[in-house]
Structure formats: C-alpha cells, structure tokens
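Observations on the three-dimensional arrangement
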Amino acid sequence: MDTTHPTRLDAVLRAASMRIDPLDARWLLAHVCGRAQGWLYAHGDAVLSEAQTATFEALVSRRAAGEPVAYLIGSRAFWRLELAVSPATLIPRPETELLVEAALARLPPRRPARAADLGTGSGAIALAVAGERPDVSVVATDASEAALEIARRNAARHALDRVEFRFGDWYGPLAGLRFDMLLSNPPYIASGDPHLSRGDLRHEPPAALVSGPDGLDALRVLAAGASNHLHPGGWILVEHGFDQGPAVRALFAAQGLIQVDTLRDLEARDRVTLGRRPPAPGGA
Ligand code: GLN
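From a predicted model like this one, the values you see are computed outputs, not experimental measurements.

Across its full length, the chain carries 11 helices and 9 strands. Long-range pairs, those at least 24 residues apart, make up 64% of the contacts in the chain with a sequence separation of at least 6. By element, 54% of the accessible surface of the chain is carried by carbon and sulfur atoms, the whole surface being about 13100 Å². The distance from the centre of the 30 positive side-chain charges to the centre of the 33 negative ones in the chain is 5 Å.

Structure (structure tokens):
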C-alpha cells in the first residue's frame with residue numbers, strides 16, 4: 001500500500017470523494033468503521049488503521065466500477081427496517097414503500113388477516129407489513145433459494161416470526177390457499193429496455209427485473225391467479241413501471257376485479273395498481 005496515503009478519516013474521505021459520490025463515500029466509510037454515518041462528522045481527526053484504509057479503498061474502487069452501495073455494505077433501509085441484501089435480491093426502493101402504505105390502509109382493521117408477498121426478494125414488503133400489523137400473518141414466496149435465505153435472515157433479525165417463507169414461482173407455493181391480500185413487486189422491465197445496462201440495474205438479479213418483451217409477463221400471471229387466491233372482498237396490490245398503469249388495470253378488470261385503481265409515487269408517476277375480488281353477496 002502507498003504509505004504516503006492519508007490515514008486521517010477526513011483526508012481519506014476527501015480523497016475518495018474525488019472518485020465517487022461523496023455520500024456514497026460516507027456510507028462506505030461508516031460501514032468500514034462499524035459506525036453510524038453521523039459519527040463520521042464529529043471524528044474527522046480519527047486515524048484509520050492500515051486494514052481499514054485498505055478495505056475502504058477496495059470498496060471505493062468497486063463503487064467507482066459501478067457496484068451498488070447496498071451490495072457493498074450488504075444492507076439497505078426500507079420502511080422502518082434495516083434489511084440485509086445481496087446480489088441475489090433486488091435492492092429495496094423507496095417507491096415500494098407506496099405499496100406497503102397502500103396495503104396497510106386496506107388490510108381489514110383490528111382483525112387477524114393473512115397476506116401473501118409473491119417474489120419477496122429480501123423480504124421487504126412482507127416484513128414491513130408484518131412489522132406494522134402484529135395480527136397479520138404473511139406468507140412470502142420466492143423462486144430463488146438464495147433470496148429466501150436473505151429474507152429469512154431479515155425476518156430473524158427483526159424477530160418477525162409471523163412471516164412464513166415458501167420456495168417457488170408466483171402462485172406455485174400457494175396452491176389451495178386464499179388470502180385477504182396479495183402483494184407483489186414483480187419484475188416488470190421489458191427485456192430490451194436500455195435502462196438494464198445502466199446504474200445499479202446492471203448488478204441486480206435479472207429474474208427480479210425483467211419479465212418478457214413488454215415487461216408484463218409476471219403481472220399477467222399475478223392478475224390471472226388473483227381471484228383463486230383471494231377471499232371475497234380481498235385486495236391485490238402490485239408495483240409496476242410508470243407506463244404500465246393502463247395495461248395492469250386492464251389485466252385486473254379482465255379478471256373481474258373491482259375498484260381497480262392506480263396510485264402514483266412521490267414523483268407523480270403510476271407505480272401501484274390495486275383491485276379487489278368482489279365481496280360475497282350479503283358479505284362485507
Ligand atoms: N423499480 C425498479 C427500477 O425500475 C425495477 C424493479 C422491478 O422490476 N420490480 O429500477
């Protein structure tokens with residue numbers, strides 16, 4: 001290693017900030033120091049060990065080459081949870097918090113309910129919902145064992161043992177089961193989309209991102225199976241691309257779902273579509 005390299009925290013941070021986004025540099029350095037980011041501000045004169053400097057330099061180089069910060073530090077905040085993530089899982093996005101919010105607003109209040117999160121990845125949606133509603137049990141599925149492993153670890157870390165994990169594709173692991181709510185952030189990017197070769201998307205699992213020539217393959221499967229897996233009056237809520245609202249509403253309507261609507265994210269773009277299995281005659 002270059003022995004003239006600065007080892008004071010502030011100098012190391014300044015040097016890294018010439019190569020990568022200064023905020024990313026802070027995330028990485030806080031991770032290497034095993035501290036919260038705030039600690040860095042008050043400890044600019046702290047001296048890093050040679051090992052810490054080397055580890056940090058290696059992470060900065062990987063970040064400069066495009067690897068997502070969340071994979072480099074192995075975690076990402078979602079809702080009120082800090083979640084482990086790995087290249088086997090999609091990195092949870094703030095947009096997906098809209099899905100959680102909409103789900104919480106529609107779960108039957110004050111009575112035990114069952115929800116399913118299909119294609120759970122790191123477990124983000126399932127764990128956020130279970131964390132807010134102790135009376136709701138959640139089944140979370142994924143077709144990747146490696147992703148389920150991460151999701152299980154996140155459930156254990158947050159002591160959310162009302163989430164049951166099942167391996168398999170979409171409704172495959174849910175045969176014969178009905179829920180009060182179905183939730184999913186499925187892959188929805190079209191296979192030829194140029195965004196796939198940019199930014200974090202280059203490093204995320206293609207199976208969590210891409211879904212056929214129009215990006216709607218998984219959403220078609222989710223719509224088709226909804227009524228068979230919902231109790232009368234139950235809701236399905238799915239995330240999708242900003243230009244897919246009309247298509248997803250049409251898929252839901254074609255299945256006889258009612259109260260079909262699309263919600264917009266903080267950037268005012270179509271992001272979540274929901275629909276409801278008609279309540280039983282004379283029922284709720
Ligand atoms: N929202 C992600 C993106 O466009 C995609 C996630 C997904 O396909 N579910 O970056």
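Now that the structure has been shown, we can carry on.
When the charged atoms of two side chains with opposite charge come close together, those side chains can pair. Per the stated rule, a full pass over the model turns up 16 salt bridges. Between Arg-80 and Glu-132 there is a salt bridge; the shortest N-O distance is 3.0 Å. Taken together, the positions of Arg-80 in the loop between strand E1 (75-78) and strand E2 (81-84) and Glu-132 in helix H7 (residues 124-132) put the pair 52 residues apart, joining distant regions of the chain. Judged by its relative accessible area of 68%, Arg-80 falls in the exposed class. Since its relative accessible area comes to 26%, Glu-132 is described here as partly exposed. Between Arg-152 and Glu-149 there is a salt bridge, with its nearest N and O atoms 3.8 Å apart. You can see Arg-152 and its partner Glu-149 sitting in helix H8 (residues 145-157), 3 residues apart, about one turn around the helix.

Below, the discussion takes up the UniProt feature "domain: Release factor glutamine methyltransferase N-terminal" (unreviewed entry) in the chain. As recorded in UniProt, the sites labelled "domain: Release factor glutamine methyltransferase N-terminal" (unreviewed entry) are residues 11-74. This span, residues 11-74, is 70% helix and 0% strand, and a straight line between its end C-alpha atoms measures 25 Å.

Before going further, it helps to examine the sheet that holds strand E6 (residues 179-184). As summarised here, the arrangement of the 7 strands in space is E5-E4-E3-E6-E7-E9-E8, forming an open sheet in which the pairing is mixed. Pairing within the sheet leaves two strands with one partner each, and these edge strands are strand E5 (163-167) and strand E8 (258-264). Averaged over all adjacent pairs, the angle separating strand axes in this sheet is 15°, with direction ignored. Inspection of the sheet shows strand E7 (residues 230-239) paired to strand E9 (residues 270-276) by 5 bridges, in the antiparallel sense. When the sheet's bridge partners are listed, Trp-235 is paired in E9 with Arg-276. Set on the sheet, helix H10 (residues 217-226) makes contact with strand E3 (113-118), E6 and E7; between it and E7 the angle comes to about 170°. Against the sheet, helix H11 (residues 245-254) makes contact with E7, E8 and E9, and its axis sits at roughly 10° relative to E9, the strand it touches most.

Quick notes on the rules
Residues numbered from 1 in each chain as written. Predicted model: local features only at pLDDT ≥ 70, side-chain atom pairs only at ≥ 80, totals over all residues. Heavy atoms only, no water. Helix = DSSP H or I, 4+ residues; strand = E, 2+ residues; numbered from the N terminus. Contact = heavy atoms within 4.5 Å. Areas by Shrake-Rupley, 256 points an atom, 1.4 Å probe, with all protein chains shown as cover. Lys, Arg positive; Asp, Glu negative; His and termini not counted. Charge placed at Lys NZ, Arg CZ, Asp CG, Glu CD. Salt bridge = Lys/Arg side-chain N within 4 Å of Asp/Glu carboxyl O. Buried < 20%, exposed > 50% of the residue type's maximum accessible area, 1.4 Å probe, protein only. UniProt positions renumbered as here; feature names shortened; annotations may be inferred. Pairing = 2+ DSSP bridges. Axes fitted to C-alpha atoms, helices over the stretch in contact; angles between N-to-C directions.

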